Amino acid sequence: MSKQFTKAEVAQHKDEKGMYIIVDSGVYDIAGFLDDHPGGAKILKRMAGKDATKQFWKYHGKSVLEKYGPKLQVGTLKEEAKL
Ligand code: HEM
C-alpha cells in the first residue's frame, strides 16, 4: 500500500496482470475488478495506465472510493517535478 509509483510506472501496467489507474494521488489496480464494475469493463480498460481522476469524479462520489479504495489501492503517486 505504501509503494510509490511514477506516472511512467503506472503507464506500464495496463493488462490483466495488473491494470493500474490513478485517482487523485492514489494508484489502484482494477484488473480484478473489471467484471465487477457496475459501469462495465470496457470503460475501465480504456483508462488503463492513465490518470482517471476526472472520469472517476464525473461518475462517482466519495463513498465509492471509500468502499472500494482500500481493496484496490496498490500505492500512491510519486510527486514529480512539473515542468
Ligand atoms: C477505482 C476505480 C473505480 C471503482 C471502484 C468504480 C466503482 C463503481 C461503482 C461502485 C459503480 C456503481 C454506481 C455507484 O455506486 O455510484 C460504478 C459505476 C460507474 N462507473 Fe465506476 N468505478 C471505478 C472507475 C471508473 C472509471 C475510471 C470510469 C470511467 C472511465 C467509471 C465509470 C463508471 C460509469 C459510467 C458507471 C455507471 C454509472 C451509472 O450507470 O449511473 N468508473 N463504478
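Residues numbered from 1 in each chain as written. Predicted model: local features only at pLDDT ≥ 70, side-chain atom pairs only at ≥ 80, totals over all residues. Heavy atoms only, no water.

The name an unreviewed UniProt entry assigns to the chain is Cytochrome b5-like heme/steroid binding domain-containing protein, from the organism Chaetomidium leptoderma. You can read under Sequence similarities (unreviewed entry) in the UniProt record for the chain the words "Belongs to the cytochrome b5 family." (UniProt positions renumbered as here; feature names shortened; annotations may be inferred.)

### Quick look at the UniProt feature "domain: Cytochrome b5 heme-binding" (unreviewed entry) in the chain
Annotation from UniProt places "domain: Cytochrome b5 heme-binding" (unreviewed entry) at residues 2-78. Taken as a whole, residues 2-78 contains 36% helix and 25% strand, while its terminal C-alpha atoms sit 11 Å from one another. (Helix = DSSP H or I, 4+ residues; strand = E, 2+ residues; numbered from the N terminus.)

### Things to note about the nonpolar core
Residues Ile-21 and Ile-30 are the most contacted members of the largest nonpolar core, which totals 13 residues. With three residues, the top contributor of residues to this core is strand S3 (residues 18-23). Discounting chain neighbours no more than four positions away, the residues touching Ile-30 are Met-19, Ile-21, Leu-44 and Leu-72. By size, the runner-up hydrophobic cluster in this structure holds six residues, among which are Tyr-20, Ile-22, Val-27 and Leu-77. (Core = buried A, V, L, I, M, F, W, Y, C linked by side-chain atoms within 4.5 Å. Buried < 20%, exposed > 50% of the residue type's maximum accessible area, 1.4 Å probe, protein only. Contact = heavy atoms within 4.5 Å.)

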